[in-house]
Amino acid sequence: TVPCPLPEGYGRGKLLHYSDKPWSSRTGIIRFMVKPGEAVRTDQPLARIYNAFGRRQETIRALQDAVVLGCSDSSAAFPGIPVMSFGVPVKHARDIDKSTTTVRRRIMHTGN
């Protein structure tokens, strides 16, 4: 893989919180509108879900400002399944503790 530079305002010692939301709420074929490494703004369209007949079922939008870390390698989307991953700037130390606790709980729950 080729490393890509972080967008302006990210990096340089700033922490990012991992997020895999928003999730798809529909089943269909996914078409991504952003690429890994791009910065996205709140409510920006990220991907569209289409049914087998080509009718748009859903537009997935960013829940917050973030940088795209990756996209699903599947062309299909299913309800409640993550389709993208994001790095979200951590603004307070409290957020760091909260995110670490969430990750620990997820690892303990899944056994990974």
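Residues numbered from 1 in each chain as written. Predicted model: local features only at pLDDT ≥ 70, side-chain atom pairs only at ≥ 80, totals over all residues. Heavy atoms only, no water.

K.L.:
I tried to follow the sheet that holds strand S7 (residues 76–77) on my own but got confused; where do I start?
P.N.:
Across a sheet, strands are paired by hydrogen bonds formed along the backbone, either parallel or antiparallel in direction. The strand order across the open sheet formed by 4 strands is S5-S4-S2-S7, and the pairing between neighbours is antiparallel. Unpaired on one side and paired on the other, strand S5 (56–61) and S7 mark the two borders of the sheet. Relative to S7, strand S2 (residues 28–32) runs antiparallel, the two being bridged by 2 bridges. Residue pairing for S7: Ile29 is matched across the bridge by Ala76. (Pairing = 2+ DSSP bridges. Helix = DSSP H or I, 4+ residues; strand = E, 2+ residues; numbered from the N terminus.)

K.L.:
Before we go on, may I ask you to explain the nonpolar core in this structure?
P.N.:
The tendency in soluble globular proteins is for nonpolar side chains to be buried side by side. Judged by nonpolar contacts, the single largest core of 15 residues is most densely connected at Ile30, Val40, Leu46, Met84 and Phe86. If you list the elements that add at least two residues to this core, you get strand S4 (45–50), strand S6 (66–71) and strand S8 (84–89). Ignoring anything within four residues of it in the chain, the contact list for Ile30 reads Ala47, Arg48, Ile49, Ile60, Ser74, Ser75, Ala76, Ala77 and Val83. (Core = buried A, V, L, I, M, F, W, Y, C linked by side-chain atoms within 4.5 Å. Buried < 20%, exposed > 50% of the residue type's maximum accessible area, 1.4 Å probe, protein only. Contact = heavy atoms within 4.5 Å.)

K.L.:
Mind showing me how you'd approach empty space enclosed by the protein here?
P.N.:
A water-sized probe, rolled over the atoms, reveals where empty space remains. Across all of its chains, the model carries 1 cavity of 30 Å³ or more by this definition. If you add up the space inside the largest cavity, you get close to 40 Å³. In terms of lining, the largest cavity is formed by Ser19, Lys21, Leu46, Ala62, Leu63, Gln64, Ala66, Phe86 and Val88. Residue composition of the lining of the largest cavity, by class: 6 nonpolar, 2 polar and 1 charged. (1 Å grid on protein atoms, 1.4 Å probe; cavity = no way out; pocket = protein on both sides within 12 Å on 5 of 7 lines; lining within 4 Å. Points joined across faces, edges and corners; volume = space filled by probe spheres on them. Nonpolar A, V, L, I, M, F, W, Y, C, P; charged D, E, K, R; others polar.)

K.L.:
Mind showing me how you'd approach the sheet that holds S6 here?
P.N.:
What the 4 strands build is an open sheet, ordered S1-S8-S6-S3; its pairing is antiparallel. Every interior strand has two partners, whereas the edge strands, strand S1 (16–19) and strand S3 (39–40), have only one. For S3 and S6, the ladder comprises 2 bridges, and the chain directions are antiparallel. Paired with Ala39 across the bridge in S6 is Val67.

K.L.:
Any chance you could explain the pairing of S4 here in plain terms?
P.N.:
Every regular strand shows the same layout, with side chains that alternate between the two sheet faces. Here S2 pairs with S4 via 4 bridges, running antiparallel. Each residue of the ladder has a partner; that of Phe32, found in S4, is Ala47. Summarising the sheet, S4 and S5 pair through 5 bridges and their orientation is antiparallel. By the bridge assignment for S5, Arg48 is matched with Thr59. In this antiparallel pair of consecutive strands, S4 and S5, the connection spans 5 residues, and Gly54 shows a positive phi of 90°.

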